Amino acid sequence: MGDEVARAVMAAGGSTLGLALGLLGAGLALGLGATGSSMGVGIAGMTASGVLTEDPNKFGRLIPFIAIPGTQGIYSFVIFFIITVVKLNMLDVKNIHMPTIHQGLNLLFIGFSAGLVEYGSAIYQGKVAAAAIGVVAKKPEQTGKALILPAFVETYAVIALVAALLIILPMKIG
Amino acid sequence: MTVEKIKKMFVIAPLEHRESILATLQSLGVVQIVDIFLGGESGRAEEDAFDWGRIKRQNIPERRHIEKAYESVVSSIRFLNNYIPERTGYELLKKGPDNVTAEEAEKILSEFNFEEFILELNNIEGQVKNLHAKRLTHLTRRENLLPWADMPVPLSYFCRTNHVIIRALSVAVTSVEPFQKAAAEAIDELWTAKVSESKKNKYIIVMYHRDSQAIADKIIQDFDVHPAVLPCVDMTPVQLIAELDKKIAAILEETRKIEEHLRDMRDKILRLKVVANNLDNALLRKKAQEFCGETRATFLIKGWIPEKRIASVEKALREVAREVDVSTYEPKEGEDVPIILKNPPLVRPYESVLGIYGNPNYGEPDPTLSMAVFFFIGFGFCLGDAGYGIALALLTGWMMWKLKLAPGVKKFLTMLFISAISAIIFGAITGSWLGNLFTDTSDKPLPSSHLWLKQVLLKLQFIYPLGKHIMYFLLAALGVGYVQLFWGVLLKFFDLLLRRRFLDALFDPFAWLLFAVGVPVGIYRPPIGVTISVTGIALIILFAGRDKKNILLRLGIGLWTVYGTVTGFLSDILSYCRLFALGLASGIMANVINIIAFFLFAIPYIGWLLTIIILVVAHFIFLFINVLGAFIHTTRLQFVEFFPKFYTSGGYRFEPFGLRNTFVEIRKD
């Protein structure tokens, strides 16, 4: 980065440290959330394949149960995307928005805590989905009820997303 | 909305009309017949009037015959299905199950001698099995001969010797050497020759004098050696194999002919299905008959009937028999009355969401209409994108138009279709059309003819959830929650008023409503709002434990209820923030797809193609995920936040005794 740009950034209060902190927050959000979703989808997928060996016709009914724990990964990606692309403008390398250290810390902590919630809720939602798949295996006519149970866990993933959006979206960086 | 009015009905008629009356009730299909011997001793006047000592359960010996005929028809259909497969998958969806008109069915039933046909079919089935078994034997024999194919002598040489014994042996590769050594040592005049070998075995011929038989047998037993059993015929193995091949081919040809004959029976399978349908309905009649009581000369039916059908049923029954008595009664408290939901056409599809939670009890108001309105709003809020809304509407519309679907599936798809319209509205006013695909053209190399579309779409937008209106958007989501919860408690309040439980209405729902009204009022006029809310809370503290005598206990319960009410109110309303999150997330996710897709546009030559592929595939996947999320979360809001405020559920749907089309659809032309 040229001296002029650095000086301009400093004048606005932005700093490389702030940028690093913000990116760390984005990375933690995505990393934790996507890892959790992988585990949750994995748990549900394993149970579903067990049911499929008995009755391959249930494939269509089981798809939503495998997809539900995947939403945390998407929520994390939304947070990651808003921080990196929308707020820090990372796609435009010549014109990256530099956050202040204060803003960077903000991004770090909201990214980390949201990622943590997405991580845990995805795993537990995967477990509930796996149990709900058992309901579908034995009582296919109760698929609707079984589908609602994993949504209880999803609430907290949604709350984390809401909190992150409320803090990140109004932020003015650079 | 309330459920349809249902009455309890008794039909008493002379025994000789039993069959015809049950058949009439079945074809009318508007009465649910229940077991007359269950719930009869509950002290209800109309049922106490019967002389129960003289009413017996009916004895139905002919049921066994029908069951037997039914089973044979069903197994014949199953046998034919091996050759004429049923429609499955997309073909079934497109064409629907087999169907006939009522006249055709009538004609088949009068002309088709199914018993004769089934005998013929059983005969053919026997032939097929026989041929199959024969072919298997031939194949085994052929298999056994193959190792000996190189032997140029007729097989009869093996069995027509006087002094010499010739044996064909298969010897495990590992035992060949020790076996030959042991045999050579023990038997004087031994001749061996190898015919062929496989990975596991060597096939050899041994020849020795009859005197050495005992020793030879012992040695054969000691090693891993198996004598082959070869038929005693005047043919070389090659000739015999050719002969067997000919036989197998003949059997295959015969089987093929039979199978072809069976494949031509497409019209027969349809006839069998009509018969199976008929027998199935006859069995239903017999099962209904088991629920009826009989005396020496009369029989009794107990059932539930929608009030508006009573007159027509009575008239139809009188046409069958003059001396029939139909009496109807108002159901009493505590009776297990089935329910029929009664909703306008636009709301009816939402009954499929209600069905997931549970049907209302008889006498309880049907919450479908209230739920449908909030479901419509919630679903649109969550999906929140006009592009996805249009795609969902097109997809569900196409499925309903082109495919023959089961009524339940159709109802569910109609529900999604209507809800998709809500998403289009929400998408239009928030400017989300597949995210910013059409509205933000700055970073997309789109043709300039595209711009007028952008102008139009931007004119429709007046809420900017990703910009200046983000907090309002959140408040709107919570506002939906506030209104829905308020409406739920209000319904409870009116329900209690109608049941004349005025004190309960005042101290529970009314107190909650006071508290809830005070919260938004308090934001603008704090003193007034606080007063109203505190009044509500005071009512709860003082009267929530009103059935307790002990004043301390009563206040304790009151305080505990206040704690529950306040935290419940907060958490219920905050739960609606999911509308906000999902609504934003679907738009942002769509934007992400657009950005990634147009990233690839710069690749020379194929860039535009990659962009289009990514746009189509990724938006399709995200449509699925977003619709799934919107459905689940909106449903959850109804089930967890809304229903517990006023709705108990636990009723069961009215299922009239009628004609069932399990095997073939009877078309109404």
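Per chain, the residues get numbers from 1 upward, laid out in the order the sequence is written. All chains are assigned letters beginning at A, and all ligands numbers beginning at 1, according to the order in which they are written. For this predicted model, a pLDDT threshold of at least 70 governs which residues receive local features, and a threshold of 80 or more governs which side-chain atom pairs are given and counted, while totals over whole chains, interfaces and linings are taken from all residues. Hydrogens and waters are ignored; side-chain quantities use all the structure's heavy atoms.

## Concerning the confidence of the model for chain B
Keep this limit in mind: What pLDDT reports is the predictor's confidence in each residue, on a scale of 0 through 100.
Residues with a pLDDT of 70 or more make up 97% of chain B, whose mean pLDDT is 88. The ipTM, which scores confidence in the relative placement of chains, is 0.75 for this predicted complex, and the corresponding pTM is 0.82.

## Details of the packing of aromatic side chains
Residues and elements named next belong to chain B. The condition is simple: Paired rings are identified among Phe, Tyr and Trp, the last through its six-membered ring, by centres lying within 6.5 Å, and are further divided according to the angle between planes into stacked (under 30 degrees), edge-to-face (over 60) and tilted (the rest). Three labels apply to residues, based on accessible area from a 1.4 Å probe with only protein chains included: buried if under 20% of the type maximum, exposed if over 50%, partly exposed otherwise in between.
Following the criterion strictly, the structure yields 34 aromatic pairs over all chains and no others. Here the aromatic rings of Phe79 and Tyr83 are separated by 5.5 Å at their centres, their planes lie at 75°, and the arrangement is edge-to-face. Both residues of the pair, Phe79 and Tyr83, count as buried. Clustering of aromatic rings is evident, with ring pairs tying together Tyr357, Phe374, Phe639, Phe642, Phe643, Phe646 and Tyr647.

## Here's the deal with the side chain of Gln484(B)
Residues and elements named next belong to chain B. Here is the rule: Segments assigned H or I by DSSP are reported as helices when at least four residues long, segments assigned E as strands when at least two residues long, and all are numbered from the N terminus. Polar contacts, as used here, are pairs of N or O atoms within 3.5 Å; protein pairs need one atom able to donate a hydrogen and one able to accept it. Residues neighboring in sequence count only if both atoms are side-chain atoms. Any pair of residues with heavy atoms lying within 4.5 Å of one another is described as a contacting pair.
Along the chain, Gln484 turns up in helix 17 (residues 470-498). For Gln484, a relative accessible area of 1% translates into the label buried. In this structure the side chain of Gln484 is engaged in a polar contact, spanning 2.7 Å, whose partner is the side chain of Tyr576. Here Gln484 is in contact with Phe374, Tyr576, Gln638 and Phe642, once residues within four sequence places are set aside.

## Describing unusual backbone geometry
The backbone phi angle of Asn89(A) is positive, close to 55°, even though this residue is not glycine. The residue Asn89(A) is located in the loop between helix 4 (71-87) and helix 5 (101-138) in this model. For Asn89(A), a relative accessible area of 19% puts it in the buried group. A positive phi angle, close to 65°, is found at Ser649(B), a residue other than glycine. Looking at where Ser649(B) falls in the secondary structure, it is placed in the loop between helix 22 (607-642) and strand 12 (665-667). The exposure class assigned to Ser649(B) is buried, which follows from its relative accessible area of 17%.

## A word on a nonpolar patch on the surface
Residue and element names in this part refer to chain B. We count it as follows: Note that patches include only residues with greater than 30% relative accessible area and no salt bridge, and the join distances are 9 Å for like charges and 5 Å for nonpolar side chains (Val, Leu, Ile, Met, Phe, Trp, Tyr). What sets the accessible areas is the Shrake-Rupley method with a 1.4 Å probe; for residues, cover comes only from the shown protein chains. Counted as salt bridges are all cases of a side-chain nitrogen of Lys or Arg within 4 Å of a carboxyl oxygen of Asp or Glu.
Side chains of Phe601, Ile603, Tyr605, Ile606, Trp608, Leu609, Ile612, Ile613, Val616, Val617 and Ile621 sit close together on the surface and give an oily, nonpolar patch of about 1100 Å² of accessible area. Summarising the element assignment, Trp608 is placed in helix 22. Residue classification places Trp608 among the partly exposed positions, given a relative accessible area of 48%.

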